[in-house]
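# Residue-level structural notes
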Amino acid sequence: MTQQRGKAVDVAFDAAVLGFEDALNMSRNVTPVAVNAVAGERNAQTTWRTMPYINQVNDGLDQTGNFKGAVQRVVPAQVNKFKSVDFLFTGTEMNDPDTLTQLTSSAKDALASQIENDIIDKVCNEGSLFVPVATALSGYDDVALCDSIMNEQEVPGGNRKLALNTRDYNLMAGNLAARQLDNSITSAAYRQSSLGMVSSFDTYKMQTTTTLAAAAGTAVTMNGAGQYYTPASQDSSGNNQDTRYQTISITVGGGTVAVGDAFTLAGVNSLGHKSKRDSGELKTFRVHEIVTGAGGSGTIKISPPIISAEGGSPGEIQYKNVSATPANGEALTFLNVAAKQANPFWTKGSIELLGGKLPMPTGTGAEFRSYTSPSSGITIAMSNQFDNGARGTTVRFDVFYNVVIVQPEMVGVLIGDQV
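Being a predicted model, the structure only gives us computed values, none of them experimental. Residues take numbers from 1 onward in each chain, read along the sequence in its written order. For this predicted model, a pLDDT threshold of at least 70 governs which residues receive local features, and a threshold of 80 or more governs which side-chain atom pairs are given and counted, while totals over whole chains, interfaces and linings are taken from all residues. Remark: hydrogens and water are excluded; side-chain values derive from all non-hydrogen atoms of the structure.

What follows covers the overall build of the chain. Runs of E in the DSSP output that reach at least two residues are strands. Runs of H or I that reach at least four are helices, and both are numbered from the N terminus. A tally of regular secondary structure across the chain gives 7 helices and 24 strands. Along the first, second and third principal axes, the C-alpha set of the chain runs to 75 × 60 × 55 Å. Only heavy atoms enter the contact rule, under which two residues are in contact if any of them lie within 4.5 Å. Within the chain, contacts between residues at least 6 apart in sequence are counted, and of these 77% link residues at least 24 apart. All accessible-area figures derive from a Shrake-Rupley calculation using a 1.4 Å probe, and residue coverage is judged against the displayed protein chains alone. When the accessible surface of the chain is split by element, carbon and sulfur atoms take 49% of a total near 19000 Å².

This is how it looks when you write it as structure tokens:
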């Protein structure tokens, strides 16, 4: 016999989901993607997402030799994060319906915070546009550096987002409040620590963020010449391949290289994605994975790949992103020189939040409720069942999702005190 759905539980759940929607600040500023439940289960919860095309302009009236197949880049996106909050609502606690309301509200807060932090961590650890500032962040000039690195690489100008840790945000608000600007702007900065839009970015205040460690590798150099990347839609076996990363060989003189390290290479400048014009600024890269060895000689996976078009293939020409291939022995100059809190920035569309579905079986003796956020696409599910042995009700809240960066060259990190 199934249990009767409790009115008090319905009320508590309805109150919780309203707060769940309000708590998803970062989630509203990335692209929601609903994963089909049947297709997801049949494909190991993996779907291939497309990266933006970049087409080329050719000269002349006669274009006979220019009709070539475009290389489409794809990203494997797997829904693999199961997060739950579980508790026992005891027999005596059932005397006070406010206890259930408070417990469900706490569960909602914990899951929303987990999703928000996963987005922040993903961007801070994988965003390839790295903007280090020598001093503490203070205001407009720092945010303008993020605007500059995006513009130089022709990242789309709309829907740019910047999330700042509380201390950096409040320092910037103080800087803004001291400026002789429109009174409504300075008043909001002074009274509410509100930045609003700064240098093309919608700004947001984070309660917590990722702290990036200082790079520990010394005398790290490229081990081998000709280490450039050739984008292709598929590998030699005809399977889709992830073109966001490249494996390079390095030599480490001392210490160890770590995931998340950011670096530049002398003479390897960034290009505009569309025009292929040299920005005059060094391209920034992130270490995504240690493949073989972190010290001595080894291989690491970096993002983005070094696409210099040295090989001349259509894919290289189409997605060329640097001015030159690094020379053998070229030094990796690390940018994360001090451990500090990071501030992620991105353009909407470069990050996707995948929402999976958990089944809601019937006739099991348990009650199920669910709510799907219209802004983030994430479904929060609640199930409860009376436990006669414990003389209470077991309750669990679940979410099923993942965060995927589909274009690391449109995602970055602003970090201060890098001296």
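This part takes up the sheet that holds strand 7 (residues 197-198). Here we have 6 strands laid out as an open sheet, ordered 5-24-19-6-8-7, and mixed in their pairing. Bordering the open sheet on either side are strand 5 (129-132) and strand 7, each of which pairs with just one other strand. Each pair of strands is called paired provided DSSP finds at least two bridges between the two strands. Where strand 19 (residues 343-347) and strand 24 (residues 411-415) come together, 4 bridges link them in antiparallel fashion. If you follow phenylalanine 345 over to strand 24, its bridge partner there is glycine 412. Comment: axis = line fitted to C-alpha atoms, over the contacting stretch for helices; angle = value between 0 and 180 degrees taken between N-to-C directions. Contacts from helix 4 (residues 140-152) reach strand 5, strand 6 (160-165), strand 7, strand 8 (201-206), strand 19 and strand 24, with the element oriented near 150° to strand 5.

Further remarks concern the packing of aromatic side chains. Each Phe, Tyr or Trp ring (for Trp, its six-membered ring) is paired with any other whose centre lies within 6.5 Å, and the angle between the two planes then decides the class: stacked below 30 degrees, edge-to-face above 60, tilted in between. Counted by the stated rule, this structure contains 5 aromatic pairs. The interplanar angle of 25° and the centroid separation of 6.3 Å between the aromatic rings of phenylalanine 13 and phenylalanine 397 together place this pair among those described as stacked. Of the two residues, phenylalanine 13 sits in helix 1 (residues 7-23) while phenylalanine 397 sits in strand 23 (residues 392-405), which places them 384 residues apart along the sequence. Judged by centre distance (6.3 Å) and plane angle (70°), the rings of phenylalanine 263 and phenylalanine 334 are edge-to-face. Separated by 71 residues along the polypeptide, phenylalanine 263 in strand 12 (residues 262-265) and phenylalanine 334 in strand 17 (residues 332-334) bring together distant segments of the chain. According to the relative accessible area criterion, phenylalanine 334 is buried, its value standing at 13%. One aromatic cluster is present, built from ring pairs that chain together Phe263, Phe285 and Phe334. We note arginine 73 situated over the ring of tyrosine 319; from NZ or CZ to the ring centre the distance is 3.7 Å. Exposure classes here rest on a 1.4 Å probe applied to the protein chains alone. A residue is buried below 20% of its type maximum, exposed above 50%, and partly exposed in between. Here, a charge over a ring is recorded when the distance from Lys NZ or Arg CZ to the ring centre is within 6 Å and its angle to the ring normal is within 35 degrees.

Attention now goes to the nonpolar core. Counting residues in each nonpolar core, the largest one holds 42 residues, and the members touching the most others are Phe20, Ile115, Ile351, Leu353, Phe397 and Val399. What phenylalanine 397 contacts, discounting residues up to four positions off in sequence, is Phe13, Lys83, Ser84, Val85, Phe87, Thr104, Ala107, Leu111, Ile380, Ala381 and Met382. Formed by 18 residues, the second largest nonpolar core is a distinct cluster that contains Val155, Leu162, Met410 and Leu414. Definition used in this section: a nonpolar core is a set of buried Ala, Val, Leu, Ile, Met, Phe, Trp, Tyr and Cys residues joined via side-chain atoms within 4.5 Å.

One less than the residue count of a helix, multiplied by 1.5 Å, gives the span that helix is expected to have. Taking 1.5 Å per residue as the helical rise, helix 4 with its 13 residues ought to reach 18 Å, and the 18 Å between its terminal C-alpha atoms agrees with that figure. Taken as a whole, helix 4 has its buried residues at Asp142, Val143, Ala144, Cys146, Asp147, Ile149 and Met150. Note on helix 4: the residue one or two positions beyond its end, glutamate 154, has a positive phi of about 60°.

Within the secondary structure, glutamate 126 is located in helix 3 (residues 97-126). In contact with glutamate 126, other than residues within four places in its own chain, are Tyr245, Arg286, His288, Ile405 and Pro408.

With 17 residues, helix 1 should reach 24 Å at 1.5 Å per residue; the first-to-last C-alpha distance of 25 Å fits that figure. Within the span of helix 1, buried status applies to Val9, Ala12, Phe13, Ala16, Val17, Gly19, Phe20 and Glu21. Buried residues along helix 1 sit in contact with helix 3, strand 21 (367-372), strand 22 (379-387) and strand 23.

This next bit is on the confidence of the model for the chain. Per residue, pLDDT captures the predictor's confidence, and it can take any value from 0 to 100. Predicted confidence across the chain gives a mean pLDDT of 85, with 92% of residues reaching 70 or more. Within the chain, no element has a lower average pLDDT than helix 6 (residues 183-192), which sits at 44, and none a higher one than strand 12, at 98. Low pLDDT, under 50, characterises residues 1-5; the stretch is placed with 13 contacts to residues that sit more than four places away or in other chains. Within the model, pLDDT remains below 50 along residues 185-194, and this stretch shows 20 contacts once partners closer than five positions in the same chain are excluded.

What follows concerns unusual backbone geometry. A cis amide bond, omega -5°, links serine 303 with the succeeding residue proline 304. Of note, proline 304 is situated in the loop between strand 16 (296-303) and helix 7 (314-319). Its identity is not glycine, yet glutamate 154 carries a phi of approximately 60°, on the positive side. Inspection of the secondary structure puts glutamate 154 in the loop between helix 4 and strand 6.

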